[in-house]
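# An overview of the molecular structure
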2 protein chains.
Amino acid sequence: VLGLIDHVGVAVDDLDAATALYEGTFGMALAHRETIAEQSVEAVLLDVGGGHVELLRPLDEDTGLGRFLDRHGPGLHHVAYRVDDLEAALETLRGRGVEALDPGPRRGIRGSRVAFLDLESTGRVLTEIVEPARGVH
Amino acid sequence: VLGLIDHVGVAVDDLDAATALYEGTFGMALAHRETIAEQSVEAVLLDVGGGHVELLRPLDEDTGLGRFLDRHGPGLHHVAYRVDDLEAALETLRGRGVEALDPGPRRGIRGSRVAFLDLESTGRVLTEIVEPARGVH
């Protein structure tokens, strides 16, 4: 069902400092920066191998990410697996007892379509599945 | 410096149940199961793309992983990046102000050599670097 690790998502409170760490210190190439209004988040994507690190700063405290930062502080937030067909993957998972958190796909970074899975079904690991926009990896 | 996402590490309290979730529900191939005495952990490795999910159950409460489970419960624990040469990567990182948690490399799963980086240098993301054993990916 799940193709590969598309990215790890990291909650940060200072996006510029975190970008400098991953780009300058860890040597990852900066791929993209975007404000995703639908998720109230400002995000930076860096390349590492065929996958990415996604740095996430909440624009609203009253979001899942904002509450995560309040409770835990900065740190590892989620893991995302790449799929070819989001709806097909969600249907397969649903048939195996794993529900998505939202009724339908959400817009992710760089035009991707994403869904987060119910924490109760994933051993409390915040798990996202991602269908990249056509031509984007 | 960091080649690709080698794996995400997941803290679990029931290794068989977690293995069933990742193998049966998520459809990842079970690659390896091992007790790593040096880290007081029982671990399962599953394949996803060119990377892995590493499920970790502590064998001792008085370890980093044991304390993590006590505080947070099961969940996403660390991210590991693959490198060709662990010592060279650590030296490069040290030159950029990032120290390892231990003085020298530790033995990881499947004969790999690993080092965890100081949380203060990584924006509180528990970050591991991994040099796989020769011929193992």
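The model shown is predicted, which means the values in this text are computed figures rather than measured ones.

Counting its regular elements, chain A contains 3 helices and 8 strands. When the helices and strands of chain A are placed in sequence order, the string is β-α-β-β-β-α-β-α-β-β-β. Computed over C-alpha atoms, the radius of gyration of chain A comes to 14 Å, within 12% of the 14 Å expected from 2.2 N^0.38 for 137 residues, which places it in the range of a compact globule. Projected onto the principal axes, the alpha-carbon positions of chain A cover approximately 45 × 35 × 25 Å. Across the 137 residues that make up chain A, the buried fraction comes to 50%. Pairs at least 24 residues apart make up 56% of the contacts formed inside chain A by residues separated by at least 6 positions. Counting only carbon and sulfur atoms, one obtains 46% of the accessible surface of chain A, whose full area is about 6000 Å². Distance from the positive charge centre (13 side chains) to the negative charge centre (24 side chains) of chain A: 3 Å.

Within chain A, residue pLDDT values average 95, and 99% of them lie at 70 or more. In the predicted complex, the global pTM is 0.96; the interface-specific ipTM is 0.95.

What follows covers the nonpolar core. Among the nonpolar cores identified, the biggest contains 59 residues, and Y22, L55 and Y81 of chain A together with Y22, L55 and Y81 of chain B are the most heavily contacted of them. Residues in contact with Y22 of chain A, not counting those within four places in the same chain, are V10, G27, M28, L46, V53 and L55 of chain A together with Y81, T122 and V125 of chain B.

On to the side chain of S121 of chain B, then. Here S121 of chain B lies in the loop between β7 (113-116) and β8 (127-131). Residues within four places of S121 of chain B in sequence aside, it is in contact with L21 of chain A together with G97, V98 and E99 of chain B.

Sheets are built from strands that pair by backbone hydrogen bonding, the pairs being arranged parallel or antiparallel. All names here are of chain A. Ordered by their spatial adjacency, 8 strands build an open sheet running β2-β3-β4-β1-β5-β8-β7-β6, and the pairing between neighbours is mixed. Of all strands in the sheet, those bounded by a partner on one side alone are β2 (29-36) and β6 (106-107). With 2 bridges joining them, β6 and strand β7 (residues 113-116) adopt antiparallel strand pairing. Bridge pairing in β7 links R107 to R113. In this fold helix α1 (residues 15-25) packs onto β1 (4-11), β2, β3 (41-48) and β4 (51-58), with an angle of close to 165° to the strand it touches most, β4.

Note: a rotation about an axis with an accompanying shift along it relates these two copies of the chain. Between the two copies, chain B and chain A, the superposition gives an RMSD of 0.0 Å; the rotation angle is 180° and the shift along the axis is 0.0 Å. What we have between these two chains is a two-fold relation. Comparing contact sets, 100% of the residues at the interface of chain B also lie at the interface in chain A, consistent with an isologous, same-surface contact.

Our next topic: the pairing of β3 of chain A. All names here are of chain A. Extensive coverage of β3 is indicated by the burial of 7 of its 8 residues. By the bridge criterion, 7 bridges tie β2 to β3 in an arrangement that is antiparallel. Residue pairing in the sheet places R33 in a bridge with V44 of β3. In sequence, β2 turns back onto β3 through a hairpin of 4 residues, with S40 there showing a positive phi of about 50°. The pairing of β3 with β4 spans 8 bridges and is antiparallel. When the bridges of β4 are listed, L45 appears paired with E54. What sits between β3 and β4 in their antiparallel hairpin is a turn of 2 residues, with G49 showing a positive phi close to 60°.

Next up on the list: the interface of chain B and chain A. Between chain B and chain A, the residue contacts involve 36 residues of the former and 36 residues of the latter. In this assembly, chain B and chain A are joined by 6 residue pairs in polar contact (both at pLDDT 80 or more). Contributions of two or more residues to the side of chain B that touches chain A are made by β1 (4-11), α1 (15-25), β4 (51-58) and β5 (75-82) of chain B. Take the side of chain B that touches chain A: its biggest share by element is 6 residues, from β5 of chain B. Taken together, the residues of the side of chain B that touches chain A sort by class into 20 nonpolar, 14 polar and 2 charged.

Further remarks concern the environment of L90 of chain B. All names here are of chain B. The topology assignment puts L90 in helix α3 (residues 86-95). For the pair formed by L90 and L117, sequence separation is 27 residues and the distance between their alpha carbons is 8.9 Å. Non-local contacts of L90, meaning those with residues more than four positions away in its chain, are made with A100, A115, L117 and I129.

The rules behind the values
- Residues numbered from 1 in each chain as written.
- Chains lettered and ligands numbered in written order.
- Predicted model: local features only at pLDDT ≥ 70, side-chain atom pairs only at ≥ 80, totals over all residues.
- Heavy atoms only, no water.
- Helix = DSSP H or I, 4+ residues; strand = E, 2+ residues; numbered from the N terminus.
- Rg over C-alpha atoms; globule rule 2.2 N^0.38 Å.
- Buried < 20%, exposed > 50% of the residue type's maximum accessible area, 1.4 Å probe, protein only.
- Contact = heavy atoms within 4.5 Å.
- Areas by Shrake-Rupley, 256 points an atom, 1.4 Å probe, with all protein chains shown as cover.
- Lys, Arg positive; Asp, Glu negative; His and termini not counted.
- Charge placed at Lys NZ, Arg CZ, Asp CG, Glu CD.
- pLDDT = per-residue confidence, 0-100.
- Core = buried A, V, L, I, M, F, W, Y, C linked by side-chain atoms within 4.5 Å.
- Pairing = 2+ DSSP bridges.
- Axes fitted to C-alpha atoms, helices over the stretch in contact; angles between N-to-C directions.
- Least-squares fit on C-alpha atoms with pLDDT ≥ 70 in both.
- Polar contact = N/O pair within 3.5 Å; in protein donor to acceptor, adjacent residues only side chain to side chain.
- Nonpolar A, V, L, I, M, F, W, Y, C, P; charged D, E, K, R; others polar.

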